[in-house]
Amino acid sequence: LATKAFDRQYNIDHMHIYEAGSNGLTQSLINGDIDLALLGSLGQATNDKLQVFPFATAPFYIYMAKTNPLAQQQTGIYFKDLKNQLFVSFDASFIHVQAMKQLAKNAGIRPKTFLKTNDVSFLMSLVAENIGVALLTNIVTPTDPNIVAIPLLDDNQPTFSANVAFRKNHNLTTEETLLIRILSQQA
């Protein structure tokens, strides 16, 4: 939605889009390799070198195949109930890894991770085939009708925050300012 609004007002053809996890993008921003990034964080993001503007928040859900016996618990599931499940997850460059660690610590379990990737389509295909379950935000729409997203019932859950960030010493271009304004209207 934000991209369409941005593209109506400004042609994005000359922009360079780089996809990576939030941890990697944060370092690229600090290093000056990129000028602006959409970052995920747990709660409010802070960094003394970056200007950060949150524009959306979302809870974490467990994504699993409809054929998984736990998929019947559509109203919610506790993270501890996943102790015997294999997980497929994003790699360490994504904030989801920190959320998983926090949930596992609170639940007193050690999740078994089968595979880590940075490709959401591949991750979703593994979930659809019931190869593993995944911890994702409910911003993610299941890519297969065989996938269900089940809310977590745990107390003290991490919350995903979507942010736009840039270096404090970076002078925003007209396009960057427009993108930040459009994203802030999405909140």
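Okay, so let's go over this structure. Quantities reported herein were computed from a predicted structural model and do not represent experimental measurements.

### Regarding unusual backbone geometry
Link 1 in the chain: In this model, N130 sits at a positive phi of 60°, which is unusual for a non-glycine residue.
Link 2 in the chain: Its location among the elements puts N130 in the loop between helix 4 (120-128) and strand 5 (134-137).
Link 3 in the chain: Its identity as a non-glycine residue notwithstanding, N156 has a phi of 55°, on the positive side.
Link 4 in the chain: Inspection of the secondary structure puts N156 in the loop between strand 6 (147-151) and strand 7 (159-167).
Link 5 in the chain: The exposed category is assigned to N156, whose relative accessible area is 66%.

### Side note on the nonpolar core
Link 1 in the chain: Among the nonpolar cores identified, the biggest contains 29 residues, and I62, M64, F79, L82, L135 and L152 are the most heavily contacted of them.
Link 2 in the chain: Elements that contribute at least two residues to this core include exactly strand 2 (50-65), helix 3 (96-107), strand 6, strand 7 and helix 5 (174-186).
Link 3 in the chain: Setting aside chain neighbours within four positions, we find M64 in contact with L70, A71, L82, V127, V133, N146, I147, V148 and I150.
Link 4 in the chain: Core analysis: the next-biggest nonpolar cluster, separate from the first, contains 13 residues, Y61, Y63, F90 and L136 among them.

### Digging into the side chain of T137
Link 1 in the chain: Position of T137 among the secondary structure elements: in strand 5.
Link 2 in the chain: Apart from the residues lying within four places of it in its own chain, the contact partners of T137 are A58, P59, F60, Y61, Y63, H96 and F160.

### What about the pairing of strand 7?
Link 1 in the chain: Among the 9 residues of strand 7, 8 are classified as buried, and the element is accordingly described as predominantly covered.
Link 2 in the chain: Of the pairings in the sheet, the one linking strand 2 to strand 7 comprises 9 bridges and is antiparallel in character. Its bridge partner being in strand 7, P59 is matched across the sheet by T159.

### Some details on the packing of aromatic side chains
In this description, a pair of aromatic rings is defined by centroid distance and the angle of the planes.
Link 1 in the chain: Summed over the entire model, instances satisfying the criterion amount to 4 aromatic pairs.
Link 2 in the chain: For the ring pair F60 and F160, a centre distance of 6.2 Å and an interplane angle of 90° mean the geometry is edge-to-face. With a gap of 100 residues between them, F60 in strand 2 and F160 in strand 7 connect regions that are remote in the sequence.
Link 3 in the chain: Among the residues examined, F160 registers a relative accessible area of 12% and is labelled buried.
Link 4 in the chain: The aromatic ring of Y78 is capped on one face by K80, whose charged end is 5.9 Å from the ring centroid.

### Considering the environment of T137
Link 1 in the chain: According to the relative accessible area criterion, T137 is buried, its value standing at 3%.
Link 2 in the chain: Between the C-alpha atoms of T137 and F160, which are 23 residues apart in sequence, the distance is 6.9 Å.

### Things to note about the pairing of strand 5
Link 1 in the chain: Residues A134 and L136 of strand 5 are buried on one face, and the alternating residues L135 and T137, pointing to the opposite face, are buried as well.
Link 2 in the chain: In the sheet, strand 2 pairs with strand 5 via 4 bridges, with the strands oriented antiparallel. Each bridged residue has a counterpart across the sheet, and for F60 the counterpart in strand 5 is T137.

### Some words on helix 2 (residues 22-31)
Link 1 in the chain: Residues of helix 2 that are buried: S22, L25, S28 and L29. An end-on view of helix 2 places all buried positions within 120° of arc, on one side of the element.
Link 2 in the chain: Contacts made by the buried residues of helix 2 are with strand 1 (37-42), strand 2 and strand 7.
Link 3 in the chain: Just beyond helix 2, the residue with positive phi is G32, at close to 85°.

Conventions used here
Residues numbered from 1 in each chain as written. Predicted model: local features only at pLDDT ≥ 70, side-chain atom pairs only at ≥ 80, totals over all residues. Heavy atoms only, no water. Helix = DSSP H or I, 4+ residues; strand = E, 2+ residues; numbered from the N terminus. Buried < 20%, exposed > 50% of the residue type's maximum accessible area, 1.4 Å probe, protein only. Core = buried A, V, L, I, M, F, W, Y, C linked by side-chain atoms within 4.5 Å. Contact = heavy atoms within 4.5 Å. Pairing = 2+ DSSP bridges. Phe/Tyr/Trp six-rings, centres within 6.5 Å; stacked < 30°, edge-to-face > 60°. Lys NZ or Arg CZ within 6 Å of the ring centre and 35° of its normal. Arc of directions from axis to C-beta.

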